[in-house]
Structures are given as structure tokens and as C-alpha cells.
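# Examination of the molecular architecture
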Amino acid sequence: MEIQVGKGSITIDGSLLDRIGKNYLVLKLITEAGPCTDAMCQVIITIQATIEESLNPEFITYPAGGAYVAMEPAVYRSIDRGRQAVYVKETRHAGLVVKGFAPVQ
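To start, this report covers the structure provided alongside it. Residue indices begin from 1 for each chain and proceed along its sequence in written order. Only residues with pLDDT of 70 or above have their local features reported here, since the model is predicted, and side-chain atom pairs are shown and tallied only from 80 upward, although totals for entire chains, interfaces and linings are computed over all residues. The basis for the side-chain values is all heavy atoms of the structure; hydrogens and waters are excluded.

## Observations regarding the pattern of salt bridges
Rule in force here: Any carboxyl oxygen of Asp or Glu that lies within 4 Å of a side-chain nitrogen of Lys or Arg is treated as forming a salt bridge with it. What counts as a helix is a DSSP run of H or I of at least four residues, what counts as a strand is a run of E of at least two, and both are numbered from the N terminus. Relative accessible area decides the class of each residue, using a 1.4 Å probe on protein chains only: under 20% of the type maximum gives buried, over 50% gives exposed, and in between gives partly exposed.
By the definition in use, this model includes 2 salt bridges. The salt bridge involving E90 is made with R19; its shortest N-O contact spans 2.8 Å. Of the two residues, E90 sits in strand β7 (residues 85–91) while R19 sits in helix α1 (residues 14–20), which places them 71 residues apart along the sequence. Residue classification places E90 among the partly exposed residues on the basis of a relative accessible area of 31%. A salt bridge links E52 to K28; its shortest N-O distance comes to 3.3 Å. Linking E52 in strand β4 (residues 43–52) with K28 in strand β3 (residues 24–33), this pair joins segments that are 24 residues apart in sequence.

## With respect to the sheet that holds β3
What counts here: What makes two strands pair is DSSP finding at least two bridges between them. Axis lines are fitted through C-alpha atoms, for helices just across the contact stretch, and the angle between N-to-C directions can take any value from 0 to 180 degrees. The contact criterion used is simple: two residues touch if any of their non-hydrogen atoms lie within 4.5 Å.
Spatially, the 4 strands line up as an open sheet ordered β4-β3-β6-β5, and their pairing is mixed. Pairing within the sheet leaves two strands with one partner each, and these edge strands are β4 and β5 (60–64). If you compare each strand with its neighbour and ignore which way they point, the axes differ by 25° on average. Sheet topology places β3 next to strand β6 (residues 67–71); 4 bridges connect them, and they run parallel. Residue V26 lies in a different strand from β6, and its bridge partner there is A70. Sheet contacts for helix α2 (residues 73–82): β3, β4, β5 and β6; angle to β3, the most-contacted strand, approximately 90°.

## Re the packing of aromatic side chains
Counted only if it meets this: Aromatic contacts are taken between Phe, Tyr and Trp rings whose centres are within 6.5 Å, Trp giving its six-membered ring; a plane angle under 30 degrees counts as stacked, one over 60 as edge-to-face, and the others as tilted.
Overall, the coordinates contain 1 aromatic pair when judged by the stated rule. A centroid spacing of 5.7 Å and a plane angle of 40° characterise the contact between Y24 and Y68, whose relative ring orientation is tilted. Of this pair, Y24 sits in strand β3 while Y68 sits in strand β6; the two residues are 44 residues apart in sequence, bridging distant segments of the chain. Y24 sits in the partly exposed class, given a relative accessible area of 21%.

## Section: the side chain of S78
With respect to the helices and strands, the residue S78 is situated in helix α2. When near neighbours in sequence (up to four residues on either side) are disregarded, S78 contacts Q84, F101, A102, P103 and V104.

Below is the structure:
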């Protein structure tokens, strides 16, 4: 199922929609320091997808075929500004995987 998010989109694998049920698929940005040891190191930004029962009220929510997709405002801005086509699927070994996302400032 494809959901329009501003000028971009999020595609969710059909089997994942069945697993989510009436819960929320939540997309959050995770920031961590890079591998170097000094203060000039670049911050690494990745995205994490989880299935949760409750939700932070500041998140932006979209209906998705009986389930809901919720994301931080920063995730929404990145998808909208970058006109990104993000794909979320479930794998056997890695759990939930998000492809096609690049953080945009």
C-alpha cells in the first residue's frame, strides 16, 4: 500500500500491514556520534521503524488500510522536501527495514 506524505510517499509491504493490525507503524530518527573520537565528528542519522500500541501526540499520523503510520515531524519534512519514495518491509533476520530514506535538513 502506498501513502502520500507531502510530495513523497511511503510504501508498506502487504504482509506487514496485516501484522500491524490496529497498532501504529512508527518511524523515528536515530542520531549517534560518528566513529571518530574528537568533537568534530559528523553525526550519523538513521531511521528506525517499530510497531507500537500507543503514540506520542506530536507525531504526524496517516491511515494505512486499517492500520496507521506515525512519524516524527523531522521524518515528514525529509520525505516531503526530498520527494522520497520510502519502502518499509519486514525481513526474517533484520525485523523491520526502511529503504529509500535520506535525511534532508
